[in-house]
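Descriptive analysis of the structure
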Amino acid sequence: MTVETSPVIRTVLPGSREASATGGAPPAGPAAGPVIETRNFDLWYGAQHALKSVSLGVPARSVTAIIGPSGCGKSTLLRSFNRMNDLIAGVRTSGQVWVSGADVLAPATDVVALRRRVGMVFQRPNPFPRSTFDNVAFGLRLLGIRDRGELEARVEQSLRRAALWDEVRDRLGHSALQLSGGQQQRMCIARALAVDPEILLMDEPASALDPTATARIEELALDLKSRYTIVVVTHNMQQAARISDLTAFMLNGELVEVGETRSLFTRPRQKLTEEYITGRFG
Amino acid sequence: MSRARPETPARLEIRGPASARRLWNAGLLASCWLAAAVVILPLALIVWHLLARGLAGLNADFFLRLPKPVGEPGGGMANAIAGTLILVGLGALFAVPVGVGAGVWLAEYGRGRLATVVRYTADVLAGVPSIVVGVAVYGLVVLPMGRFSALAGGVALGILMLPTIVRSTEEVVLLVPRSYREAALALGAPRWRAIQDVVVPSAAAGIVTAALLAVARAAGETAPLLFTALGNRFWSARLDQPIASLPTMIYDYAKAPYEDWNRQAWTGALVLLVLVTLLSAALRLALRRLPGRSPR
């Protein structure tokens, strides 16, 4: 991993960004620069200034954790990467967000296409009230895949990647609501993976789960980073330390510090970071 | 540690006398029970009364025969039963698609002036007396067509069903958890797919219940049918002709000076009640099998 401190990441490849912005081409190969990048990104909920000039780069095929106390803007930042904040009335933004070289905030951006490339897993498992199979196949059917064989193959593949196949293979036709909370969350991960995204956003994916289920989600995140770029929001610092390569610390809407996880936790450069990770507030 | 311990710790007194608080509690509870009983009472009285007076006339002929001319005993209301089903079916055919569509639109996109107007209109419509709806449809459908018809009756019933369906659909669609919408949109579903594939199926049970409520209410409406479907003593399933219905026939038979007809009116009322009850029971049963049932 060639991740360095944030100032370096922020300034990587301005040229390529320009090029891909005009060309709209998919990203270059792995590790060619940040897959997600924000630059002086501000966001307001009405009058509330929720994100303040956030500049962050997320490298490919790694796990990046965003930590910080409740209300610091970490989920808001995450939801900016696939424009889920569009659903909230009164949101305004300024600055730039780039995902795989595409300007996410541009008016011409196809939000539907963006979200197919950027999967998301939410805090509470949110299976649709239908069968496990139909849940995982949902995104595939959106893509117009009707062939039963192909659907079955890709559902199985996704469930295997989410380490859930062996547990549900005999009850794919049963309601997903009958699964345990941890299984539901892994099913939601499988559902997101089924459409083959490049990026997986996880918004406190384990905060509603018990420790065993949490451990499985964490293992899964580590396992998936060989294939996907993962950004995980968590207020569990141990979790961030266990699974992430890069950690970003946010406070009151500002990105205080971002760096390699080990060094951020052992030698934080900012006083605020040190106070937070030593539990003096938050 | 020089302070002396109290010799006997103050005992917690939990066996108080029947205090005012307890009386108050008992009194309130009793009044709640009473209120609940009073709610059940009207229905119980209706059912009891209908059974007592209407059961006597209940036989196969009632369901299979047409009305007999005055003075001839026997006969039934077969045409009225079929007519009611046709009228209510027509009304639902008009009102359910429009009502559900409008309700979903209000819930999902319902901001701005148009939405306010639609909501307000639905609320006002709900308060319009049914006889006024009948007169309006008389002017709008019956006069241009030049005759009373099943079609006009269906339109009148549809208008009566509409407000309930619109506002109830809006409410149940708003109840669909936001997480479902988010999940669908995050998977790259366009808004309309999220609504069509996730939101509406999840609210289906509530939507059907709403439609059912509206249909059940409309099935018993008499006034709007008097000026539209009119009634018919003979068999007719044609939409452009007057058609019989249970409510109008009950109305005619109940005010008629013939004891035989009065008896049949009671039986008709009983059948109407059973019909509506069966309809809602059947649909509720069917709903249990619906995949989109809410998890609660």
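Here, every reference points to the structure presented above.
Here's a quick rundown of the structure. (Residues numbered from 1 in each chain as written. Chains lettered and ligands numbered in written order. Predicted model: local features only at pLDDT ≥ 70, side-chain atom pairs only at ≥ 80, totals over all residues. Heavy atoms only, no water.)

Broken down by element type, chain A carries twelve helices and ten strands. Taken across its 282 residues, chain A has 53% of its residues classed as buried. The contacts in chain A between residues at least 6 apart in sequence include a share of 68% that link residues at least 24 apart. (Helix = DSSP H or I, 4+ residues; strand = E, 2+ residues; numbered from the N terminus. Buried < 20%, exposed > 50% of the residue type's maximum accessible area, 1.4 Å probe, protein only. Contact = heavy atoms within 4.5 Å.)

With that settled, the discussion passes to the overall build of chain B. A tally of helices and strands in chain B yields eleven helices and zero strands. In chain B, the succession of helices and strands from N to C terminus is α-α-α-α-α-α-α-α-α-α-α. Taken over the C-alpha atoms alone, chain B extends approximately 105 × 60 × 35 Å along its principal axes. Residue burial in chain B is summarised as follows: out of 296 residues, 38% are buried.

A few words on the sheet that holds strand 6 (residues 118–121) of chain A. Residues and elements named next belong to chain A. Here six strands make up an open sheet; going across it, the order is 6-7-8-3-9-10 and the pairing mixed. Every other strand in the sheet has two partners, leaving strand 6 and strand 10 (254–260) as the edge strands with one partner each. Going from strand to strand, the sheet's axes swing by 15° on average, the running direction of each strand aside. When strand 3 (residues 63–67) meets strand 9 (residues 246–251), the two strands line up parallel, connected through four bridges. When the sheet's bridge partners are listed, Ile-67 is paired in strand 9 with Phe-249. Against the sheet, helix 3 (residues 74–81) contacts strand 3, strand 6, strand 7 (199–203), strand 8 (229–233) and strand 9, and its axis sits at roughly 155° relative to strand 7. Of the strands in this sheet, strand 6 and strand 7 touch helix 8 (residues 181–194), which is tilted by about 170° from strand 6. (Pairing = 2+ DSSP bridges. Axes fitted to C-alpha atoms, helices over the stretch in contact; angles between N-to-C directions.)

This model, assessed by the stated rule, comprises 25 salt bridges over all chains. One salt bridge connects Glu204(A) with Lys74(A), and the closest N-O pair in it is separated by 3.9 Å. Linking Glu204(A) in the loop between strand 7 and helix 9 (211–224) with Lys74(A) in helix 3, this pair joins segments that are 130 residues apart in sequence. Across the pair, Lys74(A) and Glu204(A) agree in class, each one buried. Residues joined by salt bridges that share partners form a network here, namely Arg119(B), Asp123(B), Arg167(B) and Glu170(B). (Salt bridge = Lys/Arg side-chain N within 4 Å of Asp/Glu carboxyl O.)

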